[in-house]
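Descriptive structure summary
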Amino acid sequence: SINSLSAMAEARRVTLTTHINSHSLPPLRGDEQRLQEALQYLLHNAIKFNKVGGQVELSYGRQDDMAYVRVMDTGVGISEDRMAIIWLGLTQLNQGQPQGTGMGLGLPLARFIIEAHGGRIEAQSNYGSGSTFTLFLPIPVSATP
């Protein structure tokens, strides 16, 4: 996912870094292509809505019986009133705003993909100072210690 978006990050002068929080994550079950697509939606938004010279950090690890992938950015953030509607998609049509000023389908599709795999997605944001999106996916019982 990072490789496919590195040119976009370079063009926007956004630094992409990866932090590994666990050395031994078990294999997960799922559609690799769809899971990669969900992650790309989050990375794309983190780059697109970032500041020149901004940062995007990708980390992953394990929390209880879930594996997680976290995308943190130093971008513009999301206002509190918009946080409730980011999962709806095409919100610019719902709010009567001009085309292209709202959220697209990336976040709702990412959420659908993750939930279809038995996981969940969480979002936190500070308007003006960035956002954090975390994907949680279940670790198969056969892979837990």
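Below or above, wherever it landed, is the structure these notes cover. (Residues numbered from 1 in each chain as written. Predicted model: local features only at pLDDT ≥ 70, side-chain atom pairs only at ≥ 80, totals over all residues. Heavy atoms only, no water.)

So, on to the packing of helix α1 (residues 2-11) against helix α2 (residues 32-48). The N-to-C vectors of α1 and α2 enclose an angle of 15°; their axes lie 10 Å apart at closest approach. Here α2 runs roughly parallel to α1, going by the angle between their axes. Judged by the twist between their axes, the crossing of α1 over α2 is right-handed. Each of Ile-2, Ser-4, Leu-5, Met-8 and Ala-9 in α1 lies in contact with α2, whose residues at this interface are Gln-40, Leu-43, His-44, Ile-47 and Lys-48. (Axes fitted to C-alpha atoms, helices over the stretch in contact; angles between N-to-C directions. Helix = DSSP H or I, 4+ residues; strand = E, 2+ residues; numbered from the N terminus. Parallel < 35°, antiparallel > 145°, perpendicular 65-115°, else oblique. Left-handed = near helix turned anticlockwise from the far one by under 90°. Contact = heavy atoms within 4.5 Å.)

Okay, unusual backbone geometry next. Positive phi values are uncommon outside glycine, yet Arg-13 reaches one of about 55°. Of the residues examined, Arg-13 reaches a relative accessible area of 57% and is grouped as exposed. At Asp-64, a residue that is not glycine, the phi angle is positive and equals roughly 55°. Of note, Asp-64 is situated in the loop between β2 (55-63) and β3 (66-73). Take Asp-64: its relative accessible area is 67%, and that puts it in the exposed class. (Buried < 20%, exposed > 50% of the residue type's maximum accessible area, 1.4 Å probe, protein only.)

A few words on the packing of aromatic side chains. Inspection of the entire model under this criterion finds 2 aromatic pairs. Between the aromatic rings of Tyr-68 and Phe-136, the centroid separation amounts to 6.3 Å while the plane-to-plane angle is 50°, which identifies the pairing as tilted. One end of the pair, Tyr-68, is in strand β3; the other, Phe-136, is in strand β5 (residues 130-138), and 68 residues separate them in sequence. The exposure classification of Tyr-68 matches that of Phe-136, with both residues buried. Ring geometry for Trp-87 against Phe-133: centres 6.2 Å apart, planes inclined by 80°, an arrangement best described as edge-to-face. Linking Trp-87 in the loop between α3 (80-83) and α4 (91-94) with Phe-133 in strand β5, this pair joins segments that are 46 residues apart in sequence. (Phe/Tyr/Trp six-rings, centres within 6.5 Å; stacked < 30°, edge-to-face > 60°.)

On to the layout of surface pockets, then. Looking at the largest pocket, its volume works out to about 450 Å³. Along the walls of the largest pocket sit 16 residues, with Leu-28, Leu-35, Leu-39, Val-69 and Leu-137 positioned nearest its centre. Listing elements by their share of the lining of the largest pocket, those giving two or more residues are α2, β2, β3 and β5. Tallying contributions element by element places α2 first for the lining of the largest pocket, with 4 residues. In terms of residue class, the lining of the largest pocket is built from 12 nonpolar, 3 polar and 1 charged. (1 Å grid on protein atoms, 1.4 Å probe; cavity = no way out; pocket = protein on both sides within 12 Å on 5 of 7 lines; lining within 4 Å. Points joined across faces, edges and corners; volume = space filled by probe spheres on them. Nonpolar A, V, L, I, M, F, W, Y, C, P; charged D, E, K, R; others polar.)

Next up on the list: the nonpolar core. Grouped together as the largest cluster of nonpolar side chains are 25 residues, with contacts concentrated most on Leu-42, Val-56, Val-71, Ile-86 and Phe-133. Mapped by element, the contributors of at least two residues to this core are α1, α2, β2, α5 (106-116) and β5. Looking at this core, the element that brings in the most residues is α2, giving 7 residues. Excluding anything up to four places from it in sequence, Leu-42 contacts Val-71, Leu-107, Ala-110, Ile-121, Phe-133 and Leu-135. (Core = buried A, V, L, I, M, F, W, Y, C linked by side-chain atoms within 4.5 Å.)

With that out of the way, let us pick up the packing of α2 against α5. Interhelical geometry of α2 versus α5 gives an angle of 150° and a closest axis separation of 9 Å. In terms of axis orientation, α2 runs roughly antiparallel to α5. Like other packed secondary-structure pairs, α2 and α5 cross with a definite hand, here left-handed. Taken together, the residues of α5 that come into contact with α2 (itself represented by Arg-34, Leu-35, Glu-37, Ala-38, Tyr-41, Leu-42 and Asn-45) are Gly-106, Leu-107, Leu-109, Ala-110, Ile-113 and Ile-114.

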